Amino acid sequence: PESTLIGDGTKVSVSGAAFGNGGLSTMLDHSDYFRSESGRCWIWPGALAVPAALAAGEAQGISGKELIVSAVAGYECSARILTGMDMTLETTKQINGETISTFAAAGAAGRAFGLDEDEMLSTLGMAGTYTVVPGWYKWVSDEGLSPRKDIKQGWAFMCMAGTFAAVSAKRGLRMVQENNILDGQKGLSRMLSMDSYNEERVTEGFGQTFHIREFASKFYPGGAVAHPPIVGVRDMINEHGFSPEDIDTIEVGTAIQDGVGFDDPDPHNLSEMQFSLPYMLAAALFSGTPGGPDWFVDATANDPRVT
């Protein structure tokens, strides 16, 4: 028992805390993100870097300042790795997914532990071997599947895996291959079916530019497909002065691929609510809050105007 499960208080292993708190951090689909140069590949680092830094930092007894630095290191680590590789449009039609996020946890936990260069290289190498395959099309954008991320595409596992790599390196486990996981066309880029890899971009401007300044967050929690309709309906209400009760129906048009599965009018759990366009629109109109966790609490879910 080294690190605390948030909201529970139980102390578990560093990796166990990273798993539990990583799951909690993605309970609402509200994570910040960073994209590759083409905009077709993403990472969601905050939800992994912060729980990893908290878990490792508590076990190590670091200061608040070091905790912040560790989280920033996780952002930087994952962002720089993504910056060096990308996918063509043709490839993204076949395979996609945000699995480089694992390195946010690895970088954050490694920094919190104060690992040296050799230990950090081993951390990144092991995190690379634990990186899951891009699984986007297993759970979204296909008929018969649902975009309701019931397991959040493995975010909790990725947070645990990156942290576990740092724990392993701290305790003496080393990678032994001649080349590290990022090297060349047989490294991580090929593993993830990336079409391009530019090794120089990974370290370009290192120490002068920090990618955490370039991140963005969703304005609302839940599936992004719902955000434009929410903004549009609210703007119309404000412009014309009518109330939500005046609305009979709302018709929404969106991209076919992005909209698959988002039309469920009867979601039954927290995850389904976040990926139901009818529910999110109703919650946005009747919850009485501008946007946030209140959309997904029992009071809103049981409001007959919403359901």
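That block above? That's the structure.
Now for a quick tour of the structure. Computed from a predicted structure; not experimentally measured.

Re the packing of helix α6 (residues 117-130) against helix α8 (residues 155-170)
Two packed helices can be described by the angle between their axes and the distance between those axes. The geometry of α6 relative to α8 is characterised by a closest axis approach of 8 Å and an angle of 145° between their N-to-C directions. Judged by the twist between their axes, the crossing of α6 over α8 is right-handed. Residue-level inspection shows E119, S122, T123, M126, A127 and Y130 of α6 in contact with α8, the latter providing F157, A161, G162, F164, A165, A166, S168 and A169.

Remarks on the nonpolar core
Judged by nonpolar contacts, the single largest core of 52 residues is most densely connected at L48, I81, I100, F103, L188 and M194. Contributions of two or more residues to this core are made by α1 (14-25), β4 (42-43), α2 (46-60), α3 (64-83), α5 (102-113), α6, α7 (136-139) and α8. Here this core gets eight residues from one element, more than from any other, and that element is α5. Discounting chain neighbours no more than four positions away, the residues touching L188 are I81, M85, F103, G128, T131, I181 and L182. Counting 22 residues, the second largest nonpolar core, distinct from the first, contains A226, I237, M273 and F286.

Some points on helix α11 (residues 227-240)
Between the first and last C-alpha of α11 there are 20 Å, a value that for 14 residues agrees with the 20 Å anticipated at 1.5 Å per step. Buried-residue contacts for α11 involve α14 (277-286). G241 lies just past α11 and shows a positive phi near 75°.

Remarks on the environment of L192
Position of L192 relative to the elements: it lies in the loop between α9 (188-191) and β6 (196-197). Distance in space between the C-alpha atoms of L192 and V133 is 6.4 Å, their sequence separation being 59 residues. In contact with L192, other than residues within four places in its own chain, are M87, T99, I100, T131, V132 and P134.

Describing the packing of α1 against α8
Interaxial distance between α1 and α8 falls to 8 Å at its minimum, and their mutual angle equals 155°. What the angle tells us is that α1 and α8 run roughly antiparallel. When the axes of α1 and α8 are compared, the crossing they make is right-handed. Two secondary-structure elements touch here, α1 through V14, S15, A18, F19, G22 and G23 and α8 through A156, F157, C159, M160, T163, F164 and V167. Of the residues contributing to the contact of α1 with α8, the split by class is nine nonpolar, four polar and no charged.

Remarks on the pattern of salt bridges
Summed over all chains, the structure comprises 10 salt bridges. Between E245 and R305 there is a salt bridge, and its shortest N-O distance comes to 3.3 Å. Of this pair, E245 sits in the loop between α11 and α12 (256-259) while R305 sits in the segment after α15 (298-301), placing them 60 residues apart in sequence. In this structure, D303 engages R305 in a salt bridge whose closest nitrogen and oxygen atoms are separated by 2.9 Å. Of the residues examined, D303 reaches a relative accessible area of 14% and is grouped as buried. Among the charged side chains, a salt-bridge network with shared partners connects D118, E119 and R174.

Focus on the packing of aromatic side chains
Tallying each qualifying case throughout the model produces nine aromatic pairs. Between the aromatic rings of Y75 and F215, the centroid separation amounts to 4.8 Å while the plane-to-plane angle is 85°, which identifies the pairing as edge-to-face. Pair noted here: Y75 is in helix α3 and F215 is in the loop between α10 (199-203) and β7 (216-217), with a separation of 140 residues, a long-range link. The same class applies to Y75 and to F215, which are both buried.

Quick notes on α8
Quick reminder: α-helices carry 3.6 residues per turn. Residues three or four places apart thus point the same way. A rise of 1.5 Å per residue sets the reference length of α8, with its 16 residues, at 22 Å; its end C-alpha atoms lie 23 Å apart and thus fit the reference within 8%. The buried fraction of α8 amounts to 12 of the 16 residues, a majority that puts the element mostly inside the structure. Taken as a whole, α8 has its buried residues at W155, A156, M158, C159, A161, G162, T163, A165, A166, V167, S168 and A169. Tucked inside the fold, the buried residues of α8 contact α1, α2, α5 and α6. In the segment just after α8, G172 is the residue with positive phi, at about 110°.

With respect to unusual backbone geometry
The backbone of S193 shows a phi angle near 60°, a positive value even though the residue is not glycine. Mapped onto the elements of the fold, S193 is located in the loop between α9 and β6.

Observations regarding the side chain of S78
Positionally, S78 belongs in helix α3. Apart from the residues within four sequence positions on either side, S78 is in contact with I43, P45, I100, F103 and A104.

Considering the sheet that holds β7
Strands sit in the order β4-β3-β7 across an open sheet of three strands; the sheet is antiparallel. Two strands close off the open sheet at either side, each with one partner strand: β4 and β7. Bridging between strand β3 (residues 32-35) and β7 involves two bridges; their strand directions are antiparallel. In the strand pairing of β7, D32 is matched with S217. Across the sheet, α3 lies against β3 and β4, angled at about 30° from β3, the strand it touches most.

How each quantity is defined
- Here, residues in each chain are numbered from 1, in the same order as that chain's written sequence.
- Since the coordinates come from a predicted model, pLDDT governs what is reported: local features require at least 70, and pairs of side-chain atoms require 80 or more to be given and counted, while whole-chain, interface and lining totals use all residues.
- Where side-chain values are given, they derive from all heavy atoms of the structure, hydrogens and water being excluded.
- Orientation is described by lines fitted to C-alpha atoms, with helices fitted over the stretch in contact, and by angles between N-to-C directions that extend from 0 to 180 degrees.
- A run of H or I in DSSP becomes a helix once it reaches four residues, and a run of E becomes a strand once it reaches two; helices and strands are each numbered from the N terminus.
- In a left-handed crossing the near helix is turned counterclockwise from the far helix by less than a right angle, and in a right-handed crossing that turn is clockwise.
- Residues are treated as being in contact if the distance between any of their heavy atoms lies within 4.5 Å.
- Buried Ala, Val, Leu, Ile, Met, Phe, Trp, Tyr and Cys residues form a nonpolar core when they are joined through side-chain atoms within 4.5 Å.
- Throughout this description, buried means an accessible area under 20% of the type-specific maximum (1.4 Å probe, protein chains only), exposed means over 50%, and partly exposed covers the range between.
- Every helix has an expected span of 1.5 Å times one less than the residues it contains.
- Orientation labels follow simple angle bins: below 35 degrees gives roughly parallel, above 145 gives roughly antiparallel, 65 to 115 gives roughly perpendicular, and whatever is left gives oblique.
- Three categories are distinguished: nonpolar for Ala, Val, Leu, Ile, Met, Phe, Trp, Tyr, Cys and Pro, charged for Asp, Glu, Lys and Arg, and polar for the others, with Gly belonging to the last.
- By definition, a salt bridge exists where a carboxyl oxygen of Asp or Glu is found within 4 Å of a side-chain nitrogen of Lys or Arg.
- Between the rings of Phe, Tyr and Trp (Trp by its six-membered ring), a pair exists once the centres lie within 6.5 Å; its type follows the angle of the planes, with under 30 degrees stacked, over 60 edge-to-face, and the other angles tilted.
- Think of it this way: DSSP has to see at least two bridges between two strands before they count as a pair.

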